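# Descriptive structure summary
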Amino acid sequence: MNWDDARVFLAVEREKTLRGAARTLNLDQATVGRRIAALEHALRATLFLRGSEGYALTAAGEAALKSAEKMEHAAHELVRRTQGTDTRLAGDVRVTSTDSIALEFLLPAIERMHATHPDVRVLLDTSTRMLSLAKREADIAVRSVRPDNPDLVARRLARWPMALFASHAYIERYGKPAAGSAFAGHDLVVYQGSGTGNRSPTLAGEPISAGRIVSTFNTSLMLRSAVKAGIGMGELPVHLGEHDGLVQIWPEPARGAVYEIWLVTHQDLRHTARITAMIEHIVAAFEDHTSHAR
């Protein structure tokens, strides 16, 4: 099994379908199917069982998986270590973050990066999927959660308290909710999944059992936009709510509720010139944004 075969094998194992694997590999579905069939023929073993729920590993496939993952780890380590000594200010930098952070901070950083180093191309991913830095899916991540992987280097860029916000138009229509009312008579917008789990859902520490959840969102940008549009009240980082010109409902943020932003990269890449330059521009964008808000 060579590395190209291992890549196809791992993609099918992870996606469970030829179509999904083809999408991640940027190949067509028929090519992926032929590669798997050729690999099974070369190994003289059936690696996958084809069922209604997709491709599942056989016992031989399980044995092959461990070896393929070792090949993947070695290939990624080779790329990281060689790129870690790259002093050229040219090439691609893969950055992943949320759409809200990207709009406010990463776009200004990309603009500066292009102005100072035009031969560097920034590949920005704002999907909700958490990309892996260890697997070279991204070089830099700007996240709201600090990773626990010891191979990753993390730097905190911001730490903002959370609070309840509404638009001026919403306040004119409905007024402010009374503390202890569980938002009776009020419209709310929340993140998807906020009402799951064993705990009763809250906003800014207040139960929402008597409120009306108008809509749920899976990105912070859409939640912020919904609050600005007056659709309902929502919980936002204080810095961003104030930046958007929204009304903070209660004077004190929810006790203990904070929104942290971390810049993360792999330790093998932190001295790569183009990645170091991009990190510097991202840090500067956060510093500028914060100073203008004061």
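A brief look at the structure comes next. (Residues numbered from 1 in each chain as written. Predicted model: local features only at pLDDT ≥ 70, side-chain atom pairs only at ≥ 80, totals over all residues. Heavy atoms only, no water.)

For any two helices packed against each other, the geometry comes down to the angle between their axes and how far apart the axes lie. Between helix α2 (residues 18-25) and helix α3 (residues 29-43), the shortest axis-to-axis distance is 8 Å and the interhelical angle comes to 105 degrees. As far as their axial angle goes, α3 and α2 are roughly perpendicular. Residue-level inspection shows L18, R19, A21, A22 and L25 of α2 in contact with α3, the latter providing Q29, V32 and G33. Residue classes in the contact of α2 with α3 are distributed as five nonpolar, two polar and one charged. (Axes fitted to C-alpha atoms, helices over the stretch in contact; angles between N-to-C directions. Helix = DSSP H or I, 4+ residues; strand = E, 2+ residues; numbered from the N terminus. Parallel < 35°, antiparallel > 145°, perpendicular 65-115°, else oblique. Contact = heavy atoms within 4.5 Å. Nonpolar A, V, L, I, M, F, W, Y, C, P; charged D, E, K, R; others polar.)

Note on placement: R94 falls in strand β3 (residues 91-96). Distance from R94 to L124, taken between C-alpha atoms, is 6.1 Å for residues 30 residues apart in sequence. Setting aside residues up to four positions removed in sequence, R94 forms contacts with L123, R136, E137, A138, D139 and I140.

Formed by 29 residues in total, the largest nonpolar core has its most connected members in I140, I261, M278, I282 and F286. Of all the secondary structure elements, the ones that give two or more residues to this core are β3, α5 (99-116), β4 (120-125), β5 (140-143), β6 (152-166), β13 (258-266) and α9 (273-293). Aside from chain neighbours lying at most four places away, what touches I140 is V93, R94, V95, T96, L263, V264, T265, I275, M278, I279 and I282. Listed in part, the 20 residues of the second largest apolar core include V8, F9, A11 and L47. (Core = buried A, V, L, I, M, F, W, Y, C linked by side-chain atoms within 4.5 Å. Buried < 20%, exposed > 50% of the residue type's maximum accessible area, 1.4 Å probe, protein only.)

According to the stated counting rule, one finds seven aromatic pairs in the structure shown. Members of the aromatic cluster, connected to one another through ring pairs, are F105, W160, Y259 and F286. (Phe/Tyr/Trp six-rings, centres within 6.5 Å; stacked < 30°, edge-to-face > 60°.)

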